[in-house]
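What follows is the residue order along each chain.
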Amino acid sequence: MQAMQPTIAVARSSTNCSSRLWFLVSFYAMVLVLSNWFDLRLIKIFGLVANAGTPIFAFTFFLANLITEVYGYKYARLAIWWGFFFNLFVFAYGQLVILMPNLGHYNTEIFDTLLQANNRAILGGFLGYICSEPLNSWVMAKLKIEFRGQFTGGRFLISTLIASVADSVVFGFITFYGVFDQKILISMIFGMMVVKMTIYFLALPFFLHFAKKLKQTEHLDVYDKGTKFNLFRLDTHYAPTANQFK
């Protein structure tokens, strides 16, 4: 919790700030883990074929954008690593479960097969995630500086569109290449992008309202001027001047 203090000190409501931020970070990690477990199930939405994890995964972009917009890129980066290691833990435990001896009279082959089949989807999810989520938050932070905090809705949409393309292409090719022919694969990747952006667009008014209220509650509106965007830096310190809440 001490890592939160530099930014919390900028806000006037210091106690509640950290609890809301940690809730968003934890919820972000939970959504990520859930989305990967449903990736192998194909569904049809709006007439487009996508995997069942796509509608849930769209909300990781919302949450990352919220954290970046209110608390700054450094905390979004922290959330990204939080989600990554949560997902890694679930993956590692799944491999351990497969290796555990089972009861002779209880058939676990279906369950083990499901875990093994999901490994490729989880790998695709890992790589798609690590390509798209930092990109999403980086674009969001840069656009906020460029437009001086204006056009919030447009900034949310642009950053998410870029990240959605990156995630869908990387995840789609790694998970489904060789499973479907090229024409169907490209159609699926396009479907995943459209589904994510449609859900994002429909829910955008709510999240814009939530972002505005969150800023007012926290008395925070952090700008990442001078931030070093190296993904492997884990510092969360912001100078008081980074908070430009009015």
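Cut-off values and rules
Residues numbered from 1 in each chain as written. Predicted model: local features only at pLDDT ≥ 70, side-chain atom pairs only at ≥ 80, totals over all residues. Heavy atoms only, no water. Phe/Tyr/Trp six-rings, centres within 6.5 Å; stacked < 30°, edge-to-face > 60°. Helix = DSSP H or I, 4+ residues; strand = E, 2+ residues; numbered from the N terminus. Buried < 20%, exposed > 50% of the residue type's maximum accessible area, 1.4 Å probe, protein only. Lys NZ or Arg CZ within 6 Å of the ring centre and 35° of its normal. Core = buried A, V, L, I, M, F, W, Y, C linked by side-chain atoms within 4.5 Å. Contact = heavy atoms within 4.5 Å. pLDDT = per-residue confidence, 0-100. Polar contact = N/O pair within 3.5 Å; in protein donor to acceptor, adjacent residues only side chain to side chain.

**Student:** Break down the packing of aromatic side chains for me, with residues and values.
**Tutor:** Within this structure, the stated rule accounts for 22 aromatic pairs. Ring plane angle 80° and centroid distance 5.5 Å describe the contact between Trp81 and Phe84, whose orientation is recorded as edge-to-face. Of this pair, Trp81 and Phe84 are both found in helix H4 (residues 73-99), three residues apart, which corresponds to roughly one turn of the helix. We classify Phe84 as buried; its relative accessible area is 17%. Measuring from ring centre to ring centre gives 5.7 Å for Phe147 and Phe151, while their planes differ by 85°; the resulting arrangement is edge-to-face. Accessibility expressed as a relative area gives 33% for Phe147, which makes it partly exposed. A connected cluster of aromatic rings, assembled from ring pairs, spans Phe59, Phe62, Tyr200, Phe206, Phe207 and Phe210. Above the face of the Tyr238 ring, Lys74 is positioned so that its terminal group lies 4.6 Å from the ring centre.

**Student:** Outline the nonpolar core, listing residues and values.
**Tutor:** In terms of nonpolar packing, the biggest core is built from 43 residues, with Tyr28, Ile67, Tyr71, Tyr75 and Tyr129 touching the most fellow members. Secondary-structure elements contributing two or more residues to this core are helix H2 (14-37), helix H3 (54-71), H4, helix H5 (109-146), helix H6 (152-176) and helix H7 (182-218). Top element by residues in this core is H3. It accounts for nine residues. If near-sequence neighbours (up to four positions away) are discounted, Ile67 is found in contact with Leu21, Leu24, Val25, Gly72, Tyr75, Ala76 and Ala79. Within the second largest apolar cluster, twelve residues are counted, among which are Ile45, Ala58, Ile189 and Ile199.

**Student:** Quick rundown of the confidence of the model for the protein? Include the residues and the values.
**Tutor:** Residues with a pLDDT of 70 or more make up 86% of the protein, whose mean pLDDT is 84. Under a pLDDT of 50 for its full length, residues 1-16 has, in the predicted model, 34 contacts with residues more than four places off or in other chains.

**Student:** Explain the environment of Arg155 to me, using residue names and the numbers behind them.
**Tutor:** Among the secondary structure elements, Arg155 is positioned in helix H6. On a C-alpha basis, the gap between Arg155 and Asn65 in space is 9.2 Å, while along the polypeptide they are 90 residues apart. What Arg155 contacts, discounting residues up to four positions off in sequence, is Glu69, Met140, Leu143, Lys144, Phe147, Gly149 and Gln150. At 2.8 Å, the side chain of Arg155 forms a polar contact with the side chain of Glu69.

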